Amino acid sequence: MSLHPSQSVYPVSENSEEEIESILAVIVDNEPGTLARVVGLFSARSYNIESLTVAETDGEKHRSRITIVTRGVPSTIEQIKAQLGRLIPVRRVSDVSREQDALQRELALVKVVGEGEQRVEAMRMAEIFRARAVDITHSSFVFEVTGARDKINAFLDLMRPLGLSDVARTGVLSIRRGVLKD
Amino acid sequence: MTTRAPSKETATGDDRIIKAGAELILDALEEQGVEVIFGYPGGAVLPIYDALHRRDSIRHILVRHEQGAVHMAEGYARATGKPGVVLVTSGPGATNAVTGLADALLDSIPLICITGQVARKLIGTDAFQECDTIGITRACTKHNYLATSPHKLSSIVHEAFHVATTGRPGPVVIDVPKDVQFEEAPYVSRKDAPLRAARADVPLTDRQIEETVDLMRHARRPILYTGGGIINAGPQASAALRELARVTGFPVTSTLMGLGAFPAADPQWLGMLGMHGSVEANHAMHDCDLMICIGARFDDRVTGRLDAFSPGSRKIHVDIDPSSINKNVNVDIGIVGDAGKVIQSFLDQWQRREKMALYDHGRTKEWWARINDWRGVNSFAYAKDDAVIKPQYAIERLYQLTKDRDVYVTTEVGQHQMWAAQHFHFEEPNRWMTSGGLGTMGYGLPAAVGVQVAHPDALVIDIAGDGSVQMTMQEMSTAVQFGLPVKIFILNNSYLGMVRQWQELLHDRRYAHSYSDALPDFVKLAEAYGGVGLRAETPAELDDKIREMINVDKPVLFDCVVTQEENVFPMIPSGAAHNEMLLGGSVTGDEIGKEGRALV
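Residues numbered from 1 in each chain as written. Chains lettered and ligands numbered in written order. Predicted model: local features only at pLDDT ≥ 70, side-chain atom pairs only at ≥ 80, totals over all residues. Heavy atoms only, no water.

1. Here's the deal with the overall build of chain B
On a plain count of helices and strands, chain B comes out with 21 helices and 20 strands. By the compact-globule yardstick of 25 Å for 600 residues, chain B fits well, its C-alpha radius of gyration being 25 Å. If one aligns the C-alpha atoms of chain B with their principal axes, the spans along those axes are about 75 × 65 × 45 Å. Here the contacts in chain B between residues at least 6 apart in sequence split such that 75% fall between residues at least 24 apart. Accessible surface computed for chain B: about 22500 Å², of which carbon and sulfur atoms make up 50%. (Helix = DSSP H or I, 4+ residues; strand = E, 2+ residues; numbered from the N terminus. Rg over C-alpha atoms; globule rule 2.2 N^0.38 Å. Contact = heavy atoms within 4.5 Å. Areas by Shrake-Rupley, 256 points an atom, 1.4 Å probe, with all protein chains shown as cover.)

Written out as structure tokens, the structure is:
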């Protein structure tokens, strides 16, 4: 977690607002440099990016969906949304985490190296988390696990004493439940 | 649309004319009404220059450095309300333009900058004069384009004008590889081009207008805090502001960028606010109960210490850029919209109420009494001197001797800029061009050249400092070549005056590298360029020399030798609030607190 500097050069009283996590879905024109614009905006204004996922979602209209997980006090989150709106290739910004009915998924590949009782325990935990073993050797597993960020974080915490050796995560994807579009 | 000498015309199936990319660019510029380009040729833009050579519909002003071209285009844009156009080559041509682009971005000035690029197959090979123009300018433009094919070229130009001029205006770069400039494609006209712009189309709501007018009719200590957004919204926005001030009787102040939107001669005018603003403007901002901010952005030069900024007021913020609202200061009502249209809505609503019950102007009587007390401080006053020219006196005389003419003023950045803002007075918008946001030394001379191109018969004065003017001095040569009789009025105190003032306040008068030890002889320099040099050293000769400057029909460098260690007052020291201004007189060096010392 990093502190947000004041946006003015003058001293400001300590910001008493709590930081919140926010998941933003940014629909953009898929053209060269769009991702650089979005990422450049975050670094230039010292906002945080905790995870970032991007892929084209509408080949006909050349639209991509960028899902960004960011942290900040509520006024900073509002400012991030407004700043994203100033970028020309950005078509829509929705704060998915503010929606009651948002679905959130992330996929992780988790390598656990160990022997004996540890292996049994790892396998048992994996079952509870509905993680699938996609690669097995005599001394290792690679688990595939999907879920919300919190669930994956919890799974990793449990695997740590059992020989967690390597992790790859996709970053968060998010979409709204029901008939409404984001 | 005229195309006297198109390269190779071929009729196609859809009967559109196929032309080389360079011609397509110029056709699109013509369709957009461009009359003048500020530029500098080089390898990667030769095809465009060749096309330009074969038509006389667009005038080209050859600059001496690409930074000068961008500032000229800014001056042109601010004096006309039309976007300025720049043409430069790849690599160093583009990087030299960067300062001007950043300046235009912070001051919201509409510009189109066309940069040459190495041929497509050479991009990424570290070719001669190659640089990542798109990467470099991404952070200092509103948007930028790499034209990867001539088929998209004319649409890109049309969209670039749309982006530059709609919403909050700003600079747009179009990077055109050399081979795209001579490859052929059909022209796409403005009406057929798909146009995108920033998403900001938040509808005006009646409720916000009604609530604002409610607050206005009940306020006892109101103030109108206006900014450059009103200038950008066009003359009708300035007219609407004047009408709003007239019907409400509210006092009006403005940022550095907004000077001229409201006439300085009006009794409701409080002068500029902010770090070097008037006592009456800053105190009124601090003590008001209703602040109506229109087209300004609560910049740190204006607000001073944020946690002590206007503590007792309701705040209304009108801005065309949604990201400006609640960015630095939280407001009670944020209205996204064009300044002129929103002011007109306030007026309509005000007049609707007026039919039901007349507004009681007595509400603000006590407030005006307090404002008049603050006015009594006469905060721009200075000690007069018979022997040496005071810089404030020089500006005062310059104003008095030119105010009845068709005059435009640009400035550089520093003490002279603040004295110009304090002592030169503007009655109309688009008459004052200064680098407010980025604070670019070297802005004023080329900006004056750009203004003079737009208004050949006007009196265009760059109020300059001896430091700033040397940053873009080479553009004197441009002014001479094109017969642009700009007047460069240098307040020469042999110091980087604002730096020296801060060293006096913060660093115990240790004047590290702020003394100008080897100044050129500005009179001889002017003559070397083929212009006219004048010098005034005493108050007694000042008026005659200024008259001489006005009457010369050539570019003039006016070396006005002024007192060396004058400070700009009043001043809100860094880290202080609006009601903690320093006034003129002696400075002890203890004015800025520990926290303030870390600030700029």
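2. What to know about the domain arrangement of chain A
Residue and element names in this part refer to chain A. Assigned domains within chain A: domain 1 (20–98) and domain 2 (102–175). Contacts between the two partners involve 10 residues from domain 1, matched on the other side by nine residues from domain 2. Contact between domain 1 and domain 2 buries roughly 740 Å² in total, counting both sides, with carbon and sulfur atoms accounting for 52%. Ranking the residues of domain 1 by area buried against domain 2 places Ile23, Thr53 and Val96 at the top, with a combined share of 46%. (Domains from an automatic or database assignment. Buried area = accessible area lost by both parts, 1.4 Å probe.)

3. Notes on the environment of Phe38 of chain B
All names here are of chain B. With respect to the helices and strands, Phe38 occurs in strand β2 (residues 36–39). Under the relative-accessibility criterion, Phe38 is labelled buried at 0%. Sequence-wise, Phe38 and Leu398 are 360 residues apart; in three dimensions their C-alpha atoms are separated by 29 Å. Leaving out residues up to four positions away in the same chain, Phe38 has contacts with His60, Ile61, Val63, Ala69, Met72, Ala73, Tyr76, Val85, Val86, Leu87, Gly450 and Val453. (Buried < 20%, exposed > 50% of the residue type's maximum accessible area, 1.4 Å probe, protein only.)

4. Brief notes about the sheet that holds β2 of chain B
The strands that make up a sheet pair up through hydrogen bonds in the backbone, lying either parallel or antiparallel. Residue and element names in this part refer to chain B. The sheet built from six strands is open, its strands ordered β3-β2-β4-β5-β7-β6 with parallel pairing. A strand with exactly one partner marks an edge of an open sheet, and here the two such strands are β3 (59–62) and β6 (143–146). In this sheet, adjacent strand axes meet at a mean angle of 20° when their direction is disregarded. Where strand β5 (residues 111–117) and strand β7 (residues 171–177) come together, seven bridges link them in parallel fashion. Paired with Gln117 across the strands is Pro177, a residue of β7. (Pairing = 2+ DSSP bridges. Axes fitted to C-alpha atoms, helices over the stretch in contact; angles between N-to-C directions.)

5. Observations regarding the interface of chain A and chain B
Every contact between the two is made by 24 residues of chain A and, on the other side, 29 residues of chain B. Summing both sides of the interface, chain A and chain B together bury roughly 2300 Å²; the carbon and sulfur share of this comes to 56%. Joining chain A to chain B, the criterion identifies three salt bridges. In this assembly, chain A and chain B are joined by six residue pairs in polar contact (both at pLDDT 80 or more). Residue assignment for the side of chain A that touches chain B shows that the elements contributing at least two residues are α1 (34–44), α2 (74–85) and β4 (90–95) of chain A. Considering every element that reaches the side of chain A that touches chain B, the biggest residue donor is α2 of chain A, with five residues. Among the residues forming the side of chain A that touches chain B, the class breakdown is 10 nonpolar, seven polar and seven charged. (Salt bridge = Lys/Arg side-chain N within 4 Å of Asp/Glu carboxyl O. Polar contact = N/O pair within 3.5 Å; in protein donor to acceptor, adjacent residues only side chain to side chain. Nonpolar A, V, L, I, M, F, W, Y, C, P; charged D, E, K, R; others polar.)

6. Some details on a nonpolar patch on the surface
All names here are of chain A. Together, Leu35, Val39, Ile49, Leu52 and Val54 make up a nonpolar patch on the protein surface, roughly 320 Å² of accessible area in all. Secondary-structure elements contributing two or more residues to the nonpolar patch are α1 and β2 (51–58). Here Val39 is to be found in helix α1. (Patch = residues over 30% accessible without salt bridge, like charges linked within 9 Å, V, L, I, M, F, W, Y side chains within 5 Å.)

7. Section: the pattern of salt bridges
All names here are of chain B. In the structure shown here, the tally under the stated rule is 47 salt bridges over all chains. Across the salt bridge formed by Arg370 and Asp287, the nearest N and O atoms sit 2.7 Å from each other. On the criterion of sequence distance, the pair formed by Arg370 in helix α14 (residues 365–376) and Asp287 in helix α11 (residues 279–287) is long-range, its members being 83 residues apart. The class of Arg370 is partly exposed, set by a relative accessible area of 34%. Between Arg500 and Glu504 there is a salt bridge, with its nearest N and O atoms 2.8 Å apart. Of this pair, Arg500 and Glu504 both sit in helix α19 (residues 497–506), four residues apart, which is roughly one turn of the helix.

8. Regarding the packing of aromatic side chains
Residues and elements named next belong to chain B. In the structure shown here, the tally under the stated rule is 17 aromatic pairs over all chains. Relative to Tyr76, the ring of Phe38 lies with its centre 6.0 Å away and its plane at 65°, an arrangement referred to as edge-to-face. Note that Phe38 is positioned in strand β2 and Tyr76 in helix α3 (residues 66–80), a separation of 38 residues in sequence. The exposure classification of Phe38 matches that of Tyr76, with both residues buried. (Phe/Tyr/Trp six-rings, centres within 6.5 Å; stacked < 30°, edge-to-face > 60°.)

9. Quick notes on the sheet that holds strand β20 (residues 556–561) of chain B
Residues and elements named next belong to chain B. Sheet architecture is open: six strands sit in the order β16-β15-β17-β18-β20-β19, paired in parallel fashion. The open sheet has two edge strands with one neighbour each: β16 (432–433) and β19 (532–536). Note that strand β17 (residues 459–465) and strand β18 (residues 487–492) share five bridges and pair parallel. What sits directly across from Ile463, in β18, is Phe489.

10. Details of the nonpolar core
Residue and element names in this part refer to chain B. Judged by nonpolar contacts, the single largest core of 79 residues is most densely connected at Leu224, Ile292, Phe346, Phe424, Phe489, Phe558 and Cys560. In contact with Phe558, not counting residues within four places along its chain, are Ile488, Phe489, Ile490, Leu534, Ala536, Leu542, Lys545, Ile546 and Met549. Core analysis: the second largest hydrophobic core is formed by 46 residues, Phe38, Met433, Ala447 and Ala464 among them. (Core = buried A, V, L, I, M, F, W, Y, C linked by side-chain atoms within 4.5 Å.)

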